[in-house]
Amino acid sequence: MKIKFFSALAMTSLLFLSCNNDDNAPEPVNEEEVITTLTVTLTAAGGTPIELKSQDLDGDGPDAPVINVSGSLATSTTYSGTIKVLNETESPAEDITLEVEEEDDEHQFFYGISGLNATTEYGNFDDDQNPLGTEFTLTTTDASTGSITFTLRHEPKKPNDGTLADAGGETDITVTFSVEIE
Amino acid sequence: MKFYFVVLTTLWFVLPVFGQECTHSVSGEIIDFHDKTPLKGALVLVVGQNTKVTTDNLGKFTIKGLCTNEIELEISHPECTSQFLAVNTNEKKELKISLEHHLELLEEVQVIGATQKKKTASSIEKTLQLQTLERMSSGSLGDVLKKIPGVSSLNTGANIVKPVIQGLSGSRVLILNNEVRMQDMEWGDEHAPNIDVNVANRITLIKGAGALQYGGDAIGGVILIAPEKIVAKDSLYGKFLANGATNGRGGNATLELVKSFENGWFVKAQGSYKRLGDLEAPNYVLSNTGISQVGGSLQIGKNNFKEGWEAYYSYFDSDIAILRASHIGNVDDLITAINSKQPNFIGPFGYTIDNPSQEVTHHLLKGNYFRRFEGLGKLKIQYDYQQNQRFEYDLRRGESRGVPSIDLTLRTHTISSDFKIDADNQKQLKFGIMGRLQNNAADPSTGVRRLIPDYDKYDIGAFATGEYNLSNQLILDAGLRYDFSRIDAKKFYQRSRWEERGYNVDFGDLVVEDFGSQLLTNPVLDFHNLSGTLGLKYDLGGETDISVNYALSQRAPNPSELFSEGLHHSAARIELGDLRTKSETSNKVALAIEKKSTKWGYNVAPYVNGIDNFILLEPSGVEFTIRGAFPVWSYRQTKALLMGIDASLYKQWLSNWRTEHQVSYIKGSDKTLDRALINVPPIRLLNRLIYKRPQWNGLRVALESNYVFEQNEFPPNITVFSPQVNENVVLDINTPPPAYHVLNMDMEMTFKMLKKDDFTIGMNISNLLNDSYRDYLNRQRFFADNMGRNVQLRLKLYF
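All values reported here derive from a predicted model rather than from experimental measurement. (Residues numbered from 1 in each chain as written. Chains lettered and ligands numbered in written order. Predicted model: local features only at pLDDT ≥ 70, side-chain atom pairs only at ≥ 80, totals over all residues. Heavy atoms only, no water.)

**Q** Explain the overall build of chain A here, please?
**A** Looking only at helices and strands, one finds 3 helices and 10 strands in chain A. When the elements of chain A are put in sequence order from the N terminus, they spell out α-β-β-β-β-β-α-β-β-β-β-α-β. For chain A, the residues scored as buried account for 44% of the 182 residues in total. Expressed as a percentage of contacts within chain A between residues at least 6 apart in sequence, the contacts between residues at least 24 apart total 64%. (Helix = DSSP H or I, 4+ residues; strand = E, 2+ residues; numbered from the N terminus. Buried < 20%, exposed > 50% of the residue type's maximum accessible area, 1.4 Å probe, protein only. Contact = heavy atoms within 4.5 Å.)

**Q** Looking at this model, I keep getting lost on the pairing of strand 36 (residues 628-652) of chain B. Mind explaining?
**A** It is a general feature of regular strands that their side chains alternate between the two faces of the sheet. All names here are of chain B. With 18 of 25 residues buried, strand 36 is to be regarded as a mostly interior element. Examined bridge by bridge, strand 33 (residues 573-576) and strand 36 share 3 bridges and lie parallel to one another. The partner of isoleucine 574 across the bridge, within strand 36, is valine 632. The pairing of strand 35 (residues 600-625) with strand 36 spans 23 bridges and is antiparallel. Each bridged residue has a counterpart across the sheet, and for glycine 601 the counterpart in strand 36 is tyrosine 650. What sits between strand 35 and strand 36 in their antiparallel hairpin is a turn of 2 residues. As judged from the 13 bridges shared by strand 36 and strand 37 (residues 657-670), these two strands associate in the antiparallel manner. (Pairing = 2+ DSSP bridges.)

**Q** Would you mind showing me how to read the pattern of salt bridges here?
**A** A side chain with one charge may pair with a side chain of the opposite charge, provided their charged atoms come close. Residue and element names in this part refer to chain B. Counted according to the given criterion, the structure contains 53 salt bridges over all chains. Arginine 555 is the salt-bridge partner of glutamate 584, the closest N and O atoms lying 2.9 Å from each other. Taken together, the residues span a long stretch of sequence, with glutamate 584 in strand 34 (residues 584-596) and arginine 555 in strand 31 (residues 544-555) at a distance of 29 residues. The pair glutamate 584 / arginine 555 is uniform in exposure class, with both members buried. Here the residues in one salt-bridge network are Glu134, Glu228, Lys239, Glu256, Lys268 and Lys796, joined through shared partners. (Salt bridge = Lys/Arg side-chain N within 4 Å of Asp/Glu carboxyl O.)

**Q** Could you clarify how one ought to interpret the packing of aromatic side chains in this entry?
**A** Remark: the centre distance and the inter-plane angle together describe each pair of aromatic rings, the angle taken between the planes. As enumerated under the stated definition, the model contains 20 aromatic pairs over all chains in all. Cluster of aromatic residues (ring-pair linked, three or more members): Tyr111, Tyr122, Phe136, Phe150 and Phe177 of chain A. Across the ring face of phenylalanine 370 of chain B, the terminal group of lysine 378 of chain B is positioned such that the distance to the ring centre comes to 4.7 Å. (Phe/Tyr/Trp six-rings, centres within 6.5 Å; stacked < 30°, edge-to-face > 60°. Lys NZ or Arg CZ within 6 Å of the ring centre and 35° of its normal.)

**Q** Can you help me understand the interface of chain A and chain B in this one?
**A** Counting residues at the interface gives 50 residues for chain A, matched by 50 residues for chain B. Of the roughly 4600 Å² buried at the junction of chain A and chain B (both faces included), carbon and sulfur atoms supply 53%. For the chain A face of the interface with chain B, the top three residues by lost area are Val29, Glu33 and Asp60 of chain A, together amounting to 15%. Seen at the junction of chain A and chain B, the total is 6 salt bridges. The residue arginine 324 of chain B makes a salt bridge to glutamate 155 of chain A at a minimum N-O spacing of 3.0 Å. Applying the counting criterion to the chain A and chain B interface returns 12 residue pairs in polar contact (both at pLDDT 80 or more). Of all the elements in the fold, those that place two or more residues in the side of chain A that touches chain B are helix 1 (2-18), strand 1 (37-44), helix 2 (96-102), strand 9 (144-154) and strand 10 (170-181) of chain A. Here the side of chain A that touches chain B gets 7 residues from one element, more than from any other, and that element is strand 10 of chain A. Partitioning the side of chain A that touches chain B into residue classes produces 18 nonpolar, 15 polar and 17 charged. (Buried area = accessible area lost by both parts, 1.4 Å probe. Polar contact = N/O pair within 3.5 Å; in protein donor to acceptor, adjacent residues only side chain to side chain. Nonpolar A, V, L, I, M, F, W, Y, C, P; charged D, E, K, R; others polar.)

**Q** Any chance you could explain the sheet that holds strand 3 (residues 52-54) of chain B here in plain terms?
**A** Hydrogen bonds along the backbone pair up the strands of a sheet, which may run parallel or antiparallel. Residues and elements named next belong to chain B. Read across the sheet, 4 strands follow the order 3-2-5-6 without closing on themselves; strand pairing throughout is antiparallel. In the strand order of this sheet, the two ends are held by strand 3 and strand 6 (83-88), each with one partner. Taken pair by pair, the neighbouring strands of this sheet meet at an average axis angle of 25°, ignoring direction. When strand 5 (residues 70-76) meets strand 6, the two strands line up antiparallel, connected through 6 bridges. Paired with glutamate 74 across the two strands is phenylalanine 84, which belongs to strand 6. (Axes fitted to C-alpha atoms, helices over the stretch in contact; angles between N-to-C directions.)

**Q** Sorry, what's going on with the sheet that holds strand 14 (residues 221-226) of chain B here?
**A** Residue and element names in this part refer to chain B. An order of 8-13-14-11-12 is seen for the 5 strands of this open sheet, with the pairing classed as mixed. One side of each edge strand has no neighbouring strand; the edge strands of this open sheet are strand 8 (124-128) and strand 12 (180-181). One ladder, built from 6 bridges, connects strand 13 (residues 202-207) with strand 14; its direction is antiparallel. Within strand 14, the residue paired with arginine 202 across the bridge is alanine 226.

**Q** Would you mind showing me how to read a nonpolar patch on the surface here?
**A** Residues and elements named next belong to chain B. A surface patch of nonpolar side chains, amounting to about 630 Å² of accessible area, comprises Tyr468, Leu470, Leu534, Leu536, Val548, Tyr550, Val589 and Leu591. Among the secondary structure elements, those contributing two or more residues to the nonpolar patch are strand 30 (524-541), strand 31 and strand 34. Relative to the helices and strands, leucine 536 is located in strand 30. Judged by relative accessible area, which is 33%, leucine 536 ranks as partly exposed. (Patch = residues over 30% accessible without salt bridge, like charges linked within 9 Å, V, L, I, M, F, W, Y side chains within 5 Å. Areas by Shrake-Rupley, 256 points an atom, 1.4 Å probe, with all protein chains shown as cover.)

**Q** Any chance you could explain the nonpolar core here in plain terms?
**A** Nonpolar side chains in soluble globular proteins generally cluster together in the buried interior. Core analysis: the largest hydrophobic core is formed by 38 residues, its most contacted members being Leu286, Leu334, Val720, Leu731, Ile733 and Phe783 of chain B. Secondary structure elements with two or more residues in this core: strand 10 (160-165), helix 5 (331-340), strand 35, strand 36, strand 41 (718-722) and strand 42 (727-731) of chain B. Per element, the largest residue contribution to this core is 5 residues, and it comes from helix 5 of chain B. Excluding residues that lie within four positions of it along the chain, leucine 731 of chain B makes contacts with Val331, Leu334, Ile335, Ile338, Pro631, Asn717, Ile718 and Val720 of chain B. Core analysis: the next-biggest nonpolar cluster, separate from the first, contains 29 residues, Tyr79, Ile96 and Ile173 of chain A together with Ile626 of chain B among them. (Core = buried A, V, L, I, M, F, W, Y, C linked by side-chain atoms within 4.5 Å.)

**Q** Please explain the environment of phenylalanine 349 of chain B as it appears in this structure.
**A** Residues and elements named next belong to chain B. Checked against the element boundaries, phenylalanine 349 lands in the loop between helix 5 and strand 22 (357-373). Distance from phenylalanine 349 to asparagine 288, taken between C-alpha atoms, is 8.6 Å for residues 61 residues apart in sequence. When neighbours within four sequence positions are excluded, phenylalanine 349 is seen to be in contact with Gly248, Arg249, Gly277, Asp278, Glu280 and Val285.

**Q** Hey, could you run me through the environment of threonine 134 of chain A in this one?
**A** Residue and element names in this part refer to chain A. Within the secondary structure, threonine 134 is located in the loop between strand 7 (118-122) and strand 8 (135-140). Once residues within four sequence positions are removed from consideration, threonine 134 is found in contact with Gly81, Thr82, Ile83, Thr97, Val100, Glu101, Phe109, Tyr111 and Asn124. Within the local environment of threonine 134, its side chain forms a polar contact with the side chain of glutamate 101, the two groups lying 2.8 Å apart.

And the structure:
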């Protein structure tokens, strides 16, 4: 009987102990790893820089990214390109490029050109001399219209043959810009 | 008692020396505890003497010529547990003794192979006995239950296995661990039941919602995991079981110890450990598919016939690696994966559990008390507490590396009580009430928006069930249950999502606070659910019976169906719940004809299940983010119709040879959209050939063939825009894989170590021919083949 009483008591006390329901409002979570913005700046010697920008402020929300290209490229010109990746859900915006460059052995940008008379070349590399690609050069030739796709892969196979199929890994960013060379 | 016995026996040896006259006598009446009818043929024995008598037709007896006035009587009856009674014949001459003359207690201590009393008369049930469970002690609950016709499983790889009963799974299947309804976030497809099969002495599966005492929302069915009933006798025994597996290059072991006492006290402790490395498909290593699992339970109590109590605690922790190749970035990655037929990441074999992975810990604490009332019935009171902690780890960058993406703690308290009136052998009535309080807390430090919000949930339920023997052949059973549940959630919505879903129009008043891009809302949702069942069972004679059962059941939507909102990284999909989701209502009729004889037997069980407001999750489109396009999986309600048949047949051809055959077929249609339902199990055909030779150390060899047809009814695929190829492509997300055939083999022999038949050695080979195949109900079918051949060696020692 004593045991019965004590076990009942233990159970009852447990009931009270575990009922620590605090009615405080939960705090919002601002996603730390969301990438909202990709900005590619193409600068030719002496010219105005051209900006390709994709911005998706609601991250994985229903709104699609807003894509903007500030101007056309010139024929037979070499541009030096830099890529900046931001998380603008935080304030101030977090520069994710720094993280990507720090973990350069686990990241790589890929440039896909379709319909344009242009070529790209990697401008920066990881410690094993495999490409990273937050910096690059783009060289145009004749006038044409088409698109450039920028893809950032996380944990790709490194080294790879430069194609997405061979690299594998998972996609962190993929944005296609319609571009004209005139 | 022992002391008393010794004293009494000593007295008996000593007293005659004094030449005492043997003139004492005692008489009495023995009656049934339940209905107070006299018991004839009961044996009354004077302990320590040769004197014994049996009761007459009126349950009466008289013993004369006793040499002492202090005696001990042992009263026994073929269908009862014996009772001991100390009597002083000087004080009391007329005894009235009530014996437990009822099958119930027998049922509780029954041995393997014997028929068990069913939980409901007319529902379709199947019990897996200890012997079967021990052969599969390395498997998961879902693997074990697949032995039953009509049961399949929804897998995420080989280690996360959710049972599917007649096409239904998740929240529609209730799992009771030692009479405690598991509250372990059963809502997710990649959330396996947090139970170690080694705690079970037997597992009973009830198809459909006929067992109302466990809940009214078991549209799929109920799984009862029962530990061993410990008999009140002085004893200390145990069991050790170990398995070694070639696939995964690991194994598991379990140890169990029981100490019981004559006076009803008992204590049982059990623990098990499982560790496997990467599993292997026939052609490659399934990188990052290992598992580490620890389970344990402690049971202590006192069980007498009239009253008893028990305290039970069980612990379960599993750390499961998720196939590395199944973690993908966006829809293009998914298209690539589907087209490549080969995982995009294959590494060397290893034991490490890397991310993506999940770690789940479940604590279950229970206390119960029962008391029987003479000539009336049995009262039970139970309290249980469960705590389920779930971490899900994704591949993350920078400082977030190693931080879980999902961190949920679910705490549940339940108090329940029921009363069973079973005094009358012709009818039985049971009624009960239940109250439950549940709290879910999502830790914001994950840095990922909560997929499931913080919430409090309150449940109240009441039921009454009855069973009535209309004649010797015909049993009627019926039940009614009401459940109320309220969910009070604190949920953040992205403003864009809130508006896209139209919630700003319908639920504008739920917003508590505006954080700019996010809104804090406080939905409070009430659900009233009614369920009922009515059935008949008729004994046709010749070991054949027929039963028919109708069940109405209603299920309130779970938090995932209501609140999911966001990118599920591990599945590379955006999952969207719906605040407008209502309870679903199922009307199911099931028929069964069963014959069970030693020579042969069969079971044919067709059913029809019409479900209004059936909640399903299916791919509905894509949404674009900077990471590319993601398939959106939305919860939707529809009118569904599930029709199927489960059939089995066995025949003992010769004394050593036996064959068993099973087939399950189910057709699921979406009546609203007039098309097939998603994730309906394809036809399964199972054939088993068993050879037994008891005189050769209990040799048993079984060869099993499993043929799974291709599912040719499935919802249409969706078209998505692929940035990579810059055009719309068909996402082959619903197309089922082709049919497959897998052969398994099992053999075992039993030896003597210390006592007879205490040591069993066995070998099991699954996927004997090392066939490559994929299964429609495996969520990793897009990425990799199922497991290849696995040879397992098992040892079992009773002591």
